[in-house]
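Observations on the three-dimensional arrangement
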Amino acid sequence: MGVSVPVPPNRAGAIPPESGAEPSQRRALSDAACRAAQPRDKPYKLSDAGGLFLFVAPSGSKLWRLKYRHAGREKLLSLGPYSAPGGGGLSLKEARARRDQAKAQLRDGIDPSTAKREAKADAVRAADNTLRAVAEEWQAKQAGAWSESHRERVRTFLERDVFPQLGARPAASVTAPELLRIVEAIEARGALETARKVRQFLSQALRYAMRTRPEVQSNPADALRGALTRRTSKPYRHLTAEQLGPFLLKLRGYRSATTAAAIRLQLLAACRPGELRGARWQEFDLATPGAELWTVPAERMKGRKRHLVPLSRQAAATLRELAAITRTAPDALLFRGLNDPREPMSDATMRAALDRLGADTTAHGFRHLFSTMANEQLLAPADVIERCLAHEPADRVRAAYNRAEHLEARRALLQAWADRLDSIEA
């Protein structure tokens with residue numbers, strides 16, 4: 001019977017060779033050693049088991065690295081910065097877990113460095129293909145064609161109603177039922193027009209994604225056509241022909257000459273409120289009596305096309321009177337904001353003035369009044385009326401070929417309209 005000889009404990013707590021452990025495990029690191037490591041003049045490393053080591057730079061940074069061999073070559077894999085547990089970096093335990101994961105990849109014939117690069121590239125591609133990323137890229141592409149107010153409307157609607165639920169999802173994985181739940185939630189708060197717009201914006205963004213992302217094969221927003229609650233169309237509030245005379249008499253004595261001029265020009269030019277409120281003096285040619293012209297730049301037009309407005313004698317006279325008040329430079333605004341003269345007059349100023357005048361109308365309602373009276377009383381040709389209103393034909397082919405400005409016919413119509421207003425006021 002053999003005699004058992006006790007094995008004396010190894011100094012510094014190392015595991016004896018008879019335990020079957022790898023040699024590198026006999027000099028394993030501890031959290032205390034990692035925390036205590038101080039920078040030196042030159043970088044150095046503290047080795048752990050299985051090729052894992054802590055690289056300590058002269059700057060004081062501590063980085064986990066793994067030395068390994070693949071396809072006969074020695075390589076290094078960066079695992080991340082060191083920190084104590086819960087510190088935001090990798091603790092010793094977490095670094096060992098990363099090492100074990102890399103070893104498992106090596107056993108499967110996978111190079112951990114290549115796998116890391118591919119995972120990072122996949123993450124970048126995934127972030128670039130989310131619904132938010134696609135929609136924001138689409139918005140950036142449209143920036144030159146949209147007005148500032150429309151850009152803000154698109155951004156606000158998507159940020160508020162879509163991105164919190166689906167923004168982080170891959171655009172290719174979004175489904176029609178998911179989009180339907182979003183627009184139905186908007187409808188539930190009574191915002192039917194917003195729901196329609198959100199579906200429209202999503203449809204355009206996903207159509208863009210189908211052209212730029214091969215993995216996006218369909219447009220689920222298009223599947224929602226006809227699924228939304230139909231909104232009952234309401235015309236803008238407007239004056240009747242009978243109400244027009246008393247209104248014009250009150251307008252003549254309104255307390256603010258500038259606001260009264262804005263309302264009168266809105267009536268005479270039959271333009272949209274935003275087109276007038278943002279007008280600058282350099283847009284007006286008043287040099288030739290009988291041929292005065294207002295050129296509205298494309299960026300302020302709804303259809304993003306320059307619009308010419310022939311000015312009646314009454315409109316030109318109103319502008320010349322206004323010039324004595326507000327024309328300080330060619331690029332000066334005709335109608336300045338009350339709080340900030342660098343900004344245009346607000347829509348609220350116009351609304352408040354109409355309320356004080358007791359008029360049950362909006363500034364936009366003047367266009368409806370002009371259209372009605374031009375059709376029913378002035379008996380003007382439909383194409384001329386539509387061009388005065390800067391309406392594009394619904395038929396896109398006709399719109400593409402119909403470039404006629406009808407400038408002289410429109411000048412005659414707007415002059416007849418101004419004369420009719422004078423006769424009604426008289």
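Scroll up to find the structure this text is about.
Because the structure is a prediction, the values reported are computed rather than measured. (Residues numbered from 1 in each chain as written. Predicted model: local features only at pLDDT ≥ 70, side-chain atom pairs only at ≥ 80, totals over all residues. Heavy atoms only, no water.)

Observations concerning the overall build of the chain
Rule in force here: In this description a helix means any DSSP run of H or I spanning at least four residues, a strand means any run of E spanning at least two, and both kinds are numbered starting from the N terminus. Relative accessibility decides the category of a residue: with a 1.4 Å probe and only protein chains considered, values under 20% of the type maximum give buried, values over 50% give exposed, and everything between is partly exposed. By definition in these notes, contact holds between two residues if any of their heavy atoms fall within 4.5 Å.
When helices and strands are tallied, the chain shows 17 helices and seven strands. Relative to its 426 residues, the chain shows a buried fraction of 40%. Nonlocal contacts in the chain, meaning residues at least 24 apart in sequence, comprise 57% of its contacts between residues at least 6 apart.

Examining the packing of aromatic side chains
In this description, a pair of aromatic rings is defined by centroid distance and the angle of the planes. For clarity, the cut-off: A pair of Phe, Tyr and Trp rings is counted when the ring centres sit within 6.5 Å of each other, with Trp represented by its six-membered ring. The angle between the planes then sorts it: under 30 degrees is stacked, over 60 is edge-to-face, the rest tilted.
If you walk through the whole model with that rule in mind, you get seven aromatic pairs. The interplanar angle of 70° and the centroid separation of 5.9 Å between the aromatic rings of Trp-64 and Tyr-82 together place this pair among those described as edge-to-face. Of this pair, Trp-64 sits in strand β3 (residues 62-70) while Tyr-82 sits in the loop between β4 (73-81) and α2 (92-107), and the two are 18 residues apart along the sequence. Among the residues examined, Trp-64 registers a relative accessible area of 0% and is labelled buried.

Details of the pairing of β4
Selection criterion: Only when DSSP finds a minimum of two bridges between them are two strands counted as paired.
Pairing of β3 with β4 involves eight bridges; the strand directions are antiparallel. In the sheet register, Leu-63 faces β4, and the bridge partner there is Pro-81. Turn length for the β3-β4 hairpin, with the two strands adjacent in sequence and antiparallel, is two residues, and the turn residue Ala-71 shows positive phi of about 55°.

Here we look at the nonpolar core
Counted only if it meets this: Residue types Ala, Val, Leu, Ile, Met, Phe, Trp, Tyr and Cys, when buried and joined through side-chain atoms within 4.5 Å, form a set referred to as a nonpolar core.
Judged by nonpolar contacts, the single largest core of 55 residues is most densely connected at Phe-247, Ile-263, Trp-294, Phe-335 and Phe-370. Elements supplying a minimum of two residues to this core: α9 (241-252), α10 (257-269), β6 (293-296), α12 (313-326), α13 (347-356), α14 (365-376), α15 (382-388) and α17 (407-425). In terms of residue count, α10 provides more of this core than any other element does, eight residues in total. Ile-263 has contacts with Phe-247, Leu-251, Met-350, Ala-353, Leu-354, Leu-357 and Phe-366, leaving out every residue within four places of it along the chain. In this structure, Trp-138, Phe-157, Leu-166 and Ala-221 belong to the second largest nonpolar core, which totals 29 residues.

Section: α2
To keep it simple, the criterion reads: Expected helix span is taken as 1.5 Å per residue step, with the number of steps being one fewer than the number of residues. The arc in question is traced by the directions running from the helix axis to the C-beta atoms.
Along its 16 residues, α2 runs 23 Å from first to last C-alpha, staying within 8% of the 22 Å computed at 1.5 Å per residue. Residues of α2 that are buried: Leu-92, Ala-95, Arg-99 and Ala-102. Burial along α2 is one-sided: seen end-on, the buried residues are contained in an arc of 80°. Across α2 from its buried face, at more than 90 degrees, point the exposed residues Lys-93, Gln-101 and Arg-107. Where α2 terminates, the next one or two residues include Gly-109, which has phi positive at roughly 80°.

Description of the side chain of Glu-275
The cut-off we apply is this: In protein, a polar contact means a hydrogen-donor-capable atom and an acceptor-capable atom, both N or O and within 3.5 Å, with residues adjacent in sequence counting only if both atoms are side-chain atoms; elsewhere, any N or O pair within 3.5 Å suffices.
Tracing the sequence through the fold places Glu-275 in helix α11 (residues 273-277). Polar contacts involving the side chain of Glu-275 include one to the side chain of Arg-272, which spans 2.8 Å. Setting aside its immediate chain neighbours within four residues, Glu-275 contacts Trp-294, Val-296, Arg-300, Met-301 and Lys-302.

As for the pattern of salt bridges
Short version of the rule: By convention in these notes, a salt bridge is any Lys or Arg side-chain nitrogen within 4 Å of a carboxyl oxygen on Asp or Glu.
Scanning the model with the defined rule gives 23 salt bridges in all. Put simply, Glu-178 and Arg-169 hold a salt bridge, and the shortest N to O gap is 2.7 Å. Overall, the relative accessible area of 16% leaves Glu-178 in the buried class. Looking at Arg-169, the relative accessible area reads 25%, which means it is partly exposed. In this structure, Arg-207 engages Asp-222 in a salt bridge whose closest nitrogen and oxygen atoms are separated by 3.6 Å. Here Arg-207 is found in helix α8 (residues 192-212), whereas its partner Asp-222 is found in the loop between α8 and α9, with 15 residues between them in sequence. Here Arg-207 falls in the partly exposed class, since its relative accessible area comes to 34%. A relative accessible area of 27% places Asp-222 in the partly exposed class. Within the structure, one salt-bridge network assembled from shared partners comprises Asp-48, Arg-96, Arg-99 and Asp-100.

Comments concerning the pairing of strand β2 (residues 52-56)
Burial within β2 is extensive, with five of its five residues counted as buried. Burial along β2 is two-sided: the face carrying Leu-52, Leu-54 and Val-56 and the face carrying Phe-53 and Phe-55 are both buried. Where strand β1 (residues 44-47) hands over to β2, the hairpin turn is made up of four residues, of which Gly-50 adopts a positive phi near 65°. Here five bridges tie β2 to β3, and the two strands are oriented antiparallel to one another.

Quick look at helix α4 (residues 131-142)
Under the 1.5 Å per step criterion, the end-to-end length of α4 is 17 Å for 12 residues, consistent within 8% with the ideal 16 Å. For α4, the complete set of buried residues consists of Leu-131, Ala-133, Val-134, Ala-135, Trp-138 and Gln-139.

Here's the deal with the sheet that holds strand β5 (residues 284-285)
The criterion, for reference: Structural elements are reduced to axes, namely lines fitted to C-alpha atoms, with helices fitted over the stretch in contact, and the angle between N-to-C directions of any two is expressed from 0 to 180 degrees.
On the basis of which strands lie adjacent, the open sheet formed by three strands has the order β5-β6-β7 and antiparallel pairing. At either margin of the open sheet sits one strand with a lone partner, and together these are β5 and β7 (307-310). Bridge count between β6 and β7: four bridges; the pairing is antiparallel. Within β7, the position partnered with Thr-295 by the bridge is Leu-308. With respect to the sheet, α17 is in contact with β6 and β7, its orientation differing from that of β7 by roughly 45°.

Notes on the sheet that holds β4
One open sheet holds the four strands; their spatial order is β1-β2-β3-β4, and the pairing between them is antiparallel. Edge positions in the sheet fall to β1 and β4, since each of these pairs with one other strand and no more. Taking the axes of each pair of neighbouring strands and ignoring which way they run, one obtains an average angle of 30° across the sheet. Lying over the sheet, α2 contacts β2, β3 and β4, oriented at roughly 20° with respect to β3.

A look at the environment of Ala-133
You can see Ala-133 is positioned in helix α4. For Ala-133, a relative accessible area of 18% puts it in the buried group. Sequence separation between Ala-133 and Ala-209 is 76 residues, and the spatial gap between their C-alpha atoms is 9.9 Å.

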